[in-house]
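# Report on the structure
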Amino acid sequence: MHHLQQMIAAHPDVMGSTNDALVSCIEECFACAPVCISCADACLREEMVAQLRQCIRLNLDCADLCLAAGKLSTRRTGTDEALIILALQVCAQACMLCADECERHAEEHEHCRICAEHCRRCEQACLEAERSIRVH
């Protein structure tokens, strides 16, 4: 069992019953954020930094939204599922936009290719988590 899943399962409001799709999403969000930050930093070092301006901006926005969605989804006390769903939708959208932009530069910059892959994984995890919450 993953550490995060153990921690959430131990929460008094959860009492051992965890939403595996949501836990997976939280892990993807927290994994995606530093990848996006690193990609933005690598873009800043590239010779063609002016052409990467939008990529840098989307990387930083995506990182912030991944962290926010991950944090909101981790909190179980007084959980507002409607707010979590909105956070997951926004995170999925940010990941899609960031991946689209990074894919435009992926052939020239390996860091953009890697970032796009992580963003796509996080986007899918957010969408799956959203669906799992709506079912309950």
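The rules behind the values
- Residues numbered from 1 in each chain as written.
- Predicted model: local features only at pLDDT ≥ 70, side-chain atom pairs only at ≥ 80, totals over all residues.
- Heavy atoms only, no water.
- Helix = DSSP H or I, 4+ residues; strand = E, 2+ residues; numbered from the N terminus.
- Rg over C-alpha atoms; globule rule 2.2 N^0.38 Å.
- Buried < 20%, exposed > 50% of the residue type's maximum accessible area, 1.4 Å probe, protein only.
- Core = buried A, V, L, I, M, F, W, Y, C linked by side-chain atoms within 4.5 Å.
- Contact = heavy atoms within 4.5 Å.
- Axes fitted to C-alpha atoms, helices over the stretch in contact; angles between N-to-C directions.
- Parallel < 35°, antiparallel > 145°, perpendicular 65-115°, else oblique.
- Left-handed = near helix turned anticlockwise from the far one by under 90°.
- Expected span 1.5 Å × (residues − 1).
- Polar contact = N/O pair within 3.5 Å; in protein donor to acceptor, adjacent residues only side chain to side chain.
- Nonpolar A, V, L, I, M, F, W, Y, C, P; charged D, E, K, R; others polar.
- Salt bridge = Lys/Arg side-chain N within 4 Å of Asp/Glu carboxyl O.

### So, the overall build of the protein chain
When helices and strands are counted, the protein chain shows 5 helices and 0 strands. What you see in the protein chain, going N to C, is helices and strands ordered as α-α-α-α-α. Taken over C-alpha atoms, the radius of gyration comes to 16 Å for the protein chain, in line with the 14 Å a tight globule of 136 residues would show. Every one of the 136 residues in the protein chain was classed for burial, and the buried ones make up 43%.

### Here's the deal with the nonpolar core
Looking at soluble globular proteins, one finds that nonpolar side chains tend to be buried together. Of all hydrophobic cores here, the largest spans 41 residues; its most connected members are Cys66 and Cys119. Tallying contributions element by element places helix H2 (residues 20-45) first for this core, with 12 residues. Apart from residues lying up to four places away in sequence, Cys66 is in contact with Cys29, Cys32, Ala33, Cys91, Cys95 and Cys122.

### Details of the side chain of Asn59
Tracing the backbone through its elements, the reader meets Asn59 in helix H3 (residues 53-74). Asn59 gets classed as buried once you look at its relative accessible area, which sits at 0%. When sequence neighbours within four positions are dropped, the list of residues in contact with Asn59 reads Cys36, Cys39, Ala40, Cys98, Cys102 and Cys115.

### Examining the packing of H2 against helix H4 (residues 81-105)
Following both chains from N to C, one finds H2 and H4 inclined at 40 degrees, their axes separated by 12 Å at the closest point. Between H2 and H4, the interaxial angle falls into the category oblique. Crossing angle aside, the handedness with which H2 passes H4 is left-handed. In this structure, H2 uses Leu22, Cys25, Cys29, Cys32, Cys36 and Cys39 to contact H4, whose residues at the interface are Ile84, Leu88, Cys91, Cys95, Cys98 and Cys102.

### What to know about H2
Between its first and last C-alpha, H2 extends 38 Å over 26 residues, near the 38 Å set by a 1.5 Å rise per residue. A side-chain oxygen of the first residue of H2 lies 3.1 Å from the backbone nitrogen of Ala21; this N-cap is Asn19.

### Re the packing of H3 against H4
Where H3 meets H4, the axes come as close as 8 Å, and the angle between the chain directions of the two elements is 155 degrees. Taken as axis vectors, H3 and H4 run roughly antiparallel relative to one another. At the point where H3 passes H4, the crossing takes the left-handed sense. Grouping the amino acids of the contact of H3 with H4 by side-chain chemistry returns 18 nonpolar, 4 polar and 1 charged.

### Examining the pattern of salt bridges
Opposite charge on two side chains permits pairing when their charged atoms draw close. Taken as a whole and judged by the stated rule, the model has 8 salt bridges. Residues Asp61 and Arg57 are paired through a salt bridge, measuring 2.8 Å at the closest nitrogen-oxygen approach. Residue Asp61 and its partner Arg57 are located together in helix H3, separated by 4 residues, close to a single helical turn. In this structure, the salt-bridge partner of Asp100 is Arg120, at a minimum N-O distance of 2.5 Å. One end of the pair, Asp100, is in helix H4; the other, Arg120, is in helix H5 (residues 110-135), and 20 residues separate them in sequence. Residue Asp100 is classed as partly exposed on the basis of its relative accessible area of 33%. Since its relative accessible area comes to 25%, Arg120 is described here as partly exposed.

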